[in-house]
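Listed below, chain by chain, are the residues.
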Amino acid sequence: MDRTTAGAAFRSQLVKGSPTLNGSRRLRISLLAVTTAALLGSGLTAAVAAPAAQPAPADPKAAADAPVERLIVGYEKKAAEARSDAEARKDARAKGVRAGESLAFERRLGTGAALVDLGDELRGGSLQDVIDTFEADADVAYVARDTRMYAMAGPDDTYYSSQWDLFEATAGMNVENAWTGGASGQGVTVAVIDTGHVPHSDLDANVVAGYDFISDAWSARDGGGRDGNPRDEGDWTLENDCYSGSRASNSSWHGTHVAGTVAAVAGNGKGVAGVAFDASVQPVRVLGRCGGSTADIADAIVWASGGSVPGVPSNPTPADVINLSLGGSGSCQTVTQDAINGAVSRGTTVVVAAGNSNTDASGFTPANCGNVVTVAAGDREGNRASYSNYGSIVDITAPGGETAAGSANGILSTLNSSTTTPGSETYRAYQGTSMAAPHIAGLAALMYEKDPALTPSAVEAALKNNARALPGSCSGGCGHGLADAARTLDALGGGGTDPGGQVFTNSENWNIPDADGRYVYSNITVSGISGYAPSDLKVSVDIKHTYRGDLKVQLFAPDGTSWTLKNTSSSDSADHVVATYTVNASSVPASGTWQLRVTDVYSGDTGYIDSWSLTF
């Protein structure tokens, strides 16, 4: 697990060849963004027509308090009522007389239990009198209410049916099936380090106190420097505001859109639903007019994760997850890496957008930092989105949408209608890796809810190991595939559906000796699987190493059988080995100690095994 962050908002299509902004007195990191209009594609409107409202799901408490018409009565096997309908009919009448109600045997169930009609709907004391009468009989094994159940439909949020990214089978993230297992993100805090927060009734209930880290008053537009109010004052610009030749742009309300994808309130009969709709969102403002600075972003990362920043009050609710839908070109700066490393050491998972330049993400920070989860964007057909960055540093892909193909193919979330200063609330569809990253941040929140003891490395490993192959195409590298919420939660032992295969992981880091004739090995002990390994054993490898052509990667089975997963190649100068290999292991026992061996055959480049896994 390794990579990081710093920068400024990945809104939508990043224009290649943007002027370097280091010379600007107002901006130290370029804002990888364009106007809201560009986000949606030329000439497209982002407004989404309200789809037909879905039926409201049943309120479990109301269902529990509803009147009961029938009881299910199970008799002991020795009892005559368990074998004879006539005896069960006679017993129902007799019990009714005792309880002062008119009871009747209705039919025998497939389990052998008797269904007893109460005559009238009963509730409260009258119902309890009947139940007590049956339970007082030694021949009765159990009594249960014949309660109603309801279709597990999606939430009743007005626009939920437009949120293909959460539930569509082709390229959605299988979030709805994760919810059926009880996941909601409750008790988890996600910091959205972005443009701040503008009030929105579909989000405010989940917002906790944040902070404004913009130190430059001109950029902040709030009359001062840093303060405790992370309100988004708008990031609109005039021509030449950011640098000579820069274009005018409207306010994006980017942070509010990102936050809605993470944790918009669900089941409130309006708007949209967030991936982790019960999680807390902490708005941390770092991006204003013409973006934001590396220094401010680094401080925000430290503070959001519970670290100390001079002159800033401590964070009363440190974040379990940080979302950074921002970035700039260049290498990961030491200050950014240090901030991220500190956050991870405090137990915070850092999620970063890969960038929107349709190029290798290794040239963009904080996507190319260590210790982060770098996220590429997929479209509605399951391809890598046309704008999304790619490459070996990408860890995972999530829905990012393509409004260029139509607003219905974008990611719908909370927004503001104004083009400058805050106005009325609305909803719009955006596209970008900025939209993909909060899907992963929300999923991480669901994971922490299921297992609060998870470490950031365990979160990253589970995300990767339980991703599914992109149903479409991806040139350049999309990490371990499309994130699958239900499968990931199921792998943690926490509900959801679609578990997939059993996964065994080793996330310990092992340094690779630099061409001295030795290899490094990492073991995984497999237990609980009888018989032989599958013919399509999946071996997922994440190795951080410059010039990967130096490396030979081998898998050894418990009985000594070996496979060469990757051989050396003097012409392969790319960095890192992030791949899933398939081997036919059907002739070897599954249980035992499996070993990954990595040998560096040339000197001058170094690295380490980050993590690897076996999927049976």
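Just so it is clear, the structure is predicted and the values come from calculations on it, not from any experiment.

1. Quick word on the overall build of the protein chain
Right, so step 1: In terms of regular secondary structure, the protein chain is built from 13 helices and 24 strands.
Right, so step 2: The proportion of buried residues among the 616 residues of the protein chain is 54%.
Right, so step 3: Counting only carbon and sulfur atoms, one obtains 48% of the accessible surface of the protein chain, whose full area is about 23300 Å².

2. What about the sheet that holds strand S6 (residues 211-212)?
Right, so step 1: In space, the 7 strands of this open sheet follow the order S6-S7-S5-S8-S10-S12-S13, with parallel pairing throughout. Each edge of the open sheet is held by one strand with a lone partner, namely S6 and strand S13 (396-399).
Right, so step 2: Across 2 bridges, S6 lies against strand S7 (residues 280-285) in parallel orientation. The residue bridging Asp212 from the neighbouring strand is Arg285, located in S7.
Right, so step 3: Sheet strands touched by helix H11 (residues 433-450): strand S5 (189-194), strand S8 (321-324), strand S10 (349-353), strand S12 (373-378) and S13. Its angle to S12, the strand with the most contacts, is close to 125 degrees.

3. Focus: helix H10 (residues 334-345)
Right, so step 1: Given a rise of 1.5 Å per residue, 12 residues ought to cover 16 Å, and the 16 Å separating the end C-alpha atoms of H10 matches this to within 8%.
Right, so step 2: The complete set of buried residues in H10 reads Thr336, Gln337, Ala339, Ile340, Gly342, Ala343 and Val344.
Right, so step 3: Residues of H10 that are buried sit in contact with helix H9 (294-304), S8, S10 and helix H12 (456-465).
Right, so step 4: A positive phi of about 95 degrees marks Gly347, the residue just after H10.

4. As for the state of the cysteines
Right, so step 1: For the structure shown, the criterion picks out 3 disulfides.
Right, so step 2: The disulfide bridge from Cys242 ends at Cys290, spanning 2.0 Å between sulfur atoms. For the disulfide bridge between Cys242 and Cys290, the dihedral angle about the S-S bond is near -90 degrees, and by the sign convention the bridge is left-handed. Here Cys242, found in the loop between helix H7 (217-220) and helix H8 (254-263), pairs with Cys290, found in the loop between S7 and H9; they are 48 residues apart in sequence, far enough to count as distant. The burial state of Cys242 is the same as that of Cys290; both residues are buried.

5. Topic: H9
Right, so step 1: Most of H9 sits out of view: 9 of its 11 residues are buried.
Right, so step 2: Of all the positions in H9, only Thr294, Asp296, Ile297, Ala298, Ala300, Ile301, Val302, Trp303 and Ala304 are classed as buried.
Right, so step 3: Elements in contact with the buried residues of H9: S5, S6, S7, S8 and H10.
Right, so step 4: At the exit of H9 stands Gly306, carrying a positive phi of roughly 100 degrees.

6. Observations concerning the environment of Val350
Right, so step 1: For Val350, the location among the structural elements is in strand S10.
Right, so step 2: Separated by 110 residues in the primary sequence, Val350 and Glu460 place their C-alpha atoms 9.6 Å from one another.

7. A closer look at the environment of Ser418
Right, so step 1: Inspection of the secondary structure puts Ser418 in the loop between strand S14 (411-416) and strand S15 (425-430).
Right, so step 2: Since its relative accessible area comes to 17%, Ser418 is described here as buried.
Right, so step 3: The contacts of Ser418, once residues within four sequence positions are left out, are Ser251, Trp253 and Gly423.

8. Structural notes on the packing of aromatic side chains
Right, so step 1: The final tally for this structure, using the stated rule, is 10 aromatic pairs.
Right, so step 2: Considering the side-chain rings of Tyr211 and Phe213, the 5.0 Å spacing of their centres and the 55 degrees angle between planes classify their relative orientation as tilted.
Right, so step 3: The buried category is assigned to Tyr211, whose relative accessible area is 9%.
Right, so step 4: Through a chain of ring-to-ring contacts, three or more aromatic side chains come together here, namely Tyr160, Phe167, Trp179 and Phe277.
Right, so step 5: We note Arg221 situated over the ring of Trp236; from NZ or CZ to the ring centre the distance is 3.9 Å.

9. Topic: the packing of H8 against H11
Pairs of packed helices are described in terms of their axes, by the angle between the two and the distance that separates them.
Right, so step 1: The interhelical angle for the contact between H8 and H11, taken along N-to-C directions, is 40 degrees, at an axis separation of 8 Å. As for the relative orientation of H8 and H11, their crossing is right-handed in sense. Of the residues in H11, those in contact with His254, His257, Val258, Thr261 and Val262 of H8 are Ser434, Met435, Pro438, His439, Ala441 and Gly442.
Right, so step 2: Of the residues belonging to the contact of H8 with H11, the class tally is 5 nonpolar, 6 polar and no charged.

10. Side note on the sheet that holds strand S21 (residues 562-566)
Right, so step 1: Strand order across the open sheet formed by 4 strands is S18-S23-S20-S21, with antiparallel pairing between neighbours. Lying at the two open borders of the sheet, with one neighbouring strand each, are strand S18 (519-526) and S21. Going from strand to strand, the sheet's axes swing by 20 degrees on average, the running direction of each strand aside.
Right, so step 2: Note: S18 against strand S23 (residues 592-600), 8 bridges, orientation antiparallel. Note on S23: the bridge partner recorded for Tyr521 is Arg597.

11. Some remarks on the packing of H11 against H12
Right, so step 1: Running from N to C, H11 and H12 cross one another at 115 degrees; their axes reach a closest spacing of 11 Å. If you check the angle between H11 and H12, you find them roughly perpendicular. Once H11 is placed against H12, the crossing between them reads as right-handed. Contact residues: H11 offers Ile440, Leu443, Ala444, Met447 and Tyr448, while H12 offers Pro456, Val459, Ala462 and Leu463.
Right, so step 2: In terms of residue class, the contact of H11 with H12 is made up of 9 nonpolar, no polar and no charged.

12. Quick word on the pattern of salt bridges
Right, so step 1: Under the definition given, this model contains 21 salt bridges.
Right, so step 2: For Asp484, the salt bridge is made with Arg468, and the minimal N-O distance between the two is 3.2 Å. Here the residue Asp484 occupies a position in the loop between H12 and helix H13 (485-491), and Arg468 occupies one in the loop between H12 and H13, the gap between them amounting to 16 residues. Just as Asp484 is buried, Arg468 falls in that class too.
Right, so step 3: Between Lys544 and Asp542 there is a salt bridge, with its nearest N and O atoms 2.6 Å apart.
Right, so step 4: Accessibility expressed as a relative area gives 0% for Asp542, which makes it buried.
Right, so step 5: One connected set of salt bridges, linked through shared partners, spans Asp395, Glu460, Lys464, Asp542, Lys544 and Asp610.

13. Some words on unusual backbone geometry
Right, so step 1: A cis geometry characterises the amide bond from Thr365 onward to Pro366, with omega recorded as 10 degrees.
Right, so step 2: In this fold, Pro366 is placed in the loop between strand S11 (364-365) and S12.
Right, so step 3: Here Arg221, not a glycine, exhibits a phi torsion of approximately 65 degrees, which is positive.
Right, so step 4: In this structure, Arg221 sits in the loop between H7 and H8.
Right, so step 5: Not every positive phi belongs to a glycine, and Trp253 is a case in point at roughly 50 degrees.
Right, so step 6: Tracing the backbone through its elements, the reader meets Trp253 in the loop between H7 and H8.

14. Observations concerning the nonpolar core
Soluble globular proteins tend to pack their nonpolar side chains together in the buried interior.
Right, so step 1: Ranked by size, the top nonpolar core spans 59 residues in total, and within it Val351, Val375, Ile440, Leu443 and Met447 carry the most contacts.
Right, so step 2: Top element by residues in this core is H11. It accounts for 11 residues.
Right, so step 3: If sequence neighbours within four positions are ignored, Leu443 has contacts with Met173, Val275, Leu463, Ala483, Ala485 and Thr488.
Right, so step 4: Counting 34 residues, the second largest nonpolar core, distinct from the first, contains Val284, Ile322, Val350 and Ala367.

Parameters at a glance
Residues numbered from 1 in each chain as written. Predicted model: local features only at pLDDT ≥ 70, side-chain atom pairs only at ≥ 80, totals over all residues. Heavy atoms only, no water. Helix = DSSP H or I, 4+ residues; strand = E, 2+ residues; numbered from the N terminus. Buried < 20%, exposed > 50% of the residue type's maximum accessible area, 1.4 Å probe, protein only. Areas by Shrake-Rupley, 256 points an atom, 1.4 Å probe, with all protein chains shown as cover. Pairing = 2+ DSSP bridges. Contact = heavy atoms within 4.5 Å. Axes fitted to C-alpha atoms, helices over the stretch in contact; angles between N-to-C directions. Expected span 1.5 Å × (residues − 1). Disulfide = S-S within 2.5 Å. Phe/Tyr/Trp six-rings, centres within 6.5 Å; stacked < 30°, edge-to-face > 60°. Lys NZ or Arg CZ within 6 Å of the ring centre and 35° of its normal. Left-handed = near helix turned anticlockwise from the far one by under 90°. Nonpolar A, V, L, I, M, F, W, Y, C, P; charged D, E, K, R; others polar. Parallel < 35°, antiparallel > 145°, perpendicular 65-115°, else oblique. Salt bridge = Lys/Arg side-chain N within 4 Å of Asp/Glu carboxyl O. Core = buried A, V, L, I, M, F, W, Y, C linked by side-chain atoms within 4.5 Å.

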